[in-house]
Amino acid sequence: MNIGFIGVGHMGYGIAKNLLKNNHNLFVIANKNRKPIDKIVSEGATESKTYEDLCNSNLDVMFLCVTNTPIAKLISEKISNFLPKTILIIDITTHNQNGSIEVENIFKSREISYLECPVMGGPVQAEEGILGGIVGASKENLKKAEPYLKCFCKEYFHFGEVGSGAKSKLLNNFLSIGTATYVIELIKCAEKLNIDLKKLFAVAKLGSGNSAALNRIFDKVLENDYTGFRFSTSNTHKDLTYIRDMLKGIDNAEKLADLTKSFYKEAIDKGYGDLFISELIKKK
């Protein structure tokens, strides 16, 4: 099938690579980061110079994997006039609680089918094709999308209509970001208190504090590598903004989201927005 892909970045590259591996024809468009674009083109993708050219590539499916809801809406407005009604949109973007509904409405006005599938996992899992998909869509659109989701997802879960995927993804991120933040602060505290990190990690793995975040961050830190949690500070702050807005009025959850968000806002104010959050361990 012919697949268009907008957003070949840290996450998008791995997803795009697995679509190519499954013998689909892939058409991409450049973004501000040339490195993943050049890499995917060298592996067989075709680069389009404009959105109109991309949309006129006889596409069966269009993937969106962009930074946030405002960018997704802007791009959707641009491309919806060029796309055929027969196409399916698969949106990987992590939206705010109503973002995917707003994007679907843009395509719905052109009678274009839409499915949201934000994912669990990072760039490594994306390249390995073992992401977890969080789907919001009609059953009909899910059936259309399944051959493509199987290219990069180990498992995917249908939560209901469009909008349910975005909310479920934000709740998942509430847990994963919160856990990662505790791991980061644990390491910083251990270093200040002169606690042996290797032994502390061994103990933590044996208790109920064991988690993917603990292992991902600690494994690298013990090798003096602070890039274990490959999620940027600016994206973390963005997600926590969405999460906090969604949890407004849910007393303790809102407070936790607000407090965690403040940590990353402070890091951004210090100029650390482009760092992975695990790199903040070494920053004051």
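Residues numbered from 1 in each chain as written. Predicted model: local features only at pLDDT ≥ 70, side-chain atom pairs only at ≥ 80, totals over all residues. Heavy atoms only, no water.

S.K.: Sorry if this is basic, but what is going on with the packing of aromatic side chains here?
M.R.: Any pair of aromatic rings gets described here by the distance separating the centres and the angle formed by the planes. Evaluated as defined, the whole model comprises 4 aromatic pairs. On the basis of an interplanar angle of 10 degrees and a centroid distance of 5.4 Å, the ring pair of F5 and F63 is categorised as stacked. Within this pair, whereas F5 is found in strand β1 (residues 2–6), its partner F63 is found in strand β4 (residues 61–64), the two being separated by 58 residues in sequence. Judged by relative accessible area, which is 0%, F5 ranks as buried. Judged by centre distance (5.9 Å) and plane angle (70 degrees), the ring pair of F63 and F152 falls under edge-to-face. Of this pair, F63 sits in strand β4 while F152 sits in helix α7 (residues 139–152), placing them 89 residues apart in sequence. Using a relative accessible area of 0% as the deciding quantity, one classes F152 as buried. Connected via pairs of aromatic rings, a cluster forms that spans F5, F63 and F152. (Phe/Tyr/Trp six-rings, centres within 6.5 Å; stacked < 30°, edge-to-face > 60°. Helix = DSSP H or I, 4+ residues; strand = E, 2+ residues; numbered from the N terminus. Buried < 20%, exposed > 50% of the residue type's maximum accessible area, 1.4 Å probe, protein only.)

S.K.: Before we go on, may I ask you to explain the pairing of strand β2 (residues 25–29) in this structure?
M.R.: For a regular strand, the rule is simple: side chains alternate between the two faces of the sheet. When you tally the buried positions in β2, you get 4 out of 5 residues, the bulk of the element. Sheet topology places β1 next to β2; 4 bridges connect them, and they run parallel. Looking across to β2, one finds that G4 is bridged to F27. Taken together, β1, helix α1 (residues 10–21) and β2 form a β-α-β motif whose crossover is right-handed. Summarising the sheet, β2 and strand β3 (residues 46–48) pair through 3 bridges and their orientation is parallel. Pairing of V28 across the sheet is with E47, part of β3. Regarding topology, helix α2 (residues 34–42) serves as the crossover connection from β2 to the parallel β3, and that connection is right-handed. (Pairing = 2+ DSSP bridges. Right-handed = clockwise from strand over helix to strand, strands pointing away.)

S.K.: Looking at this model, I keep getting lost on the pattern of salt bridges. Mind explaining?
M.R.: When the charged atoms of two side chains with opposite charge come close together, those side chains can pair. Enumeration over the complete set of coordinates arrives at 15 salt bridges. In this structure, the salt-bridge partner of E47 is R34, at a minimum N-O distance of 2.9 Å. Of the two residues, E47 is situated in strand β3 and R34 in helix α2; the sequence distance between them amounts to 13 residues. With a relative accessible area of 34%, R34 lands in the partly exposed category. Residues K49 and E47 are paired through a salt bridge, measuring 4.0 Å at the closest nitrogen-oxygen approach. When its relative accessible area of 66% is taken as the criterion, K49 is described as exposed. When salt bridges with common partners are traced through the structure, they connect R34, D38, E47 and K49 into a single cluster. (Salt bridge = Lys/Arg side-chain N within 4 Å of Asp/Glu carboxyl O.)

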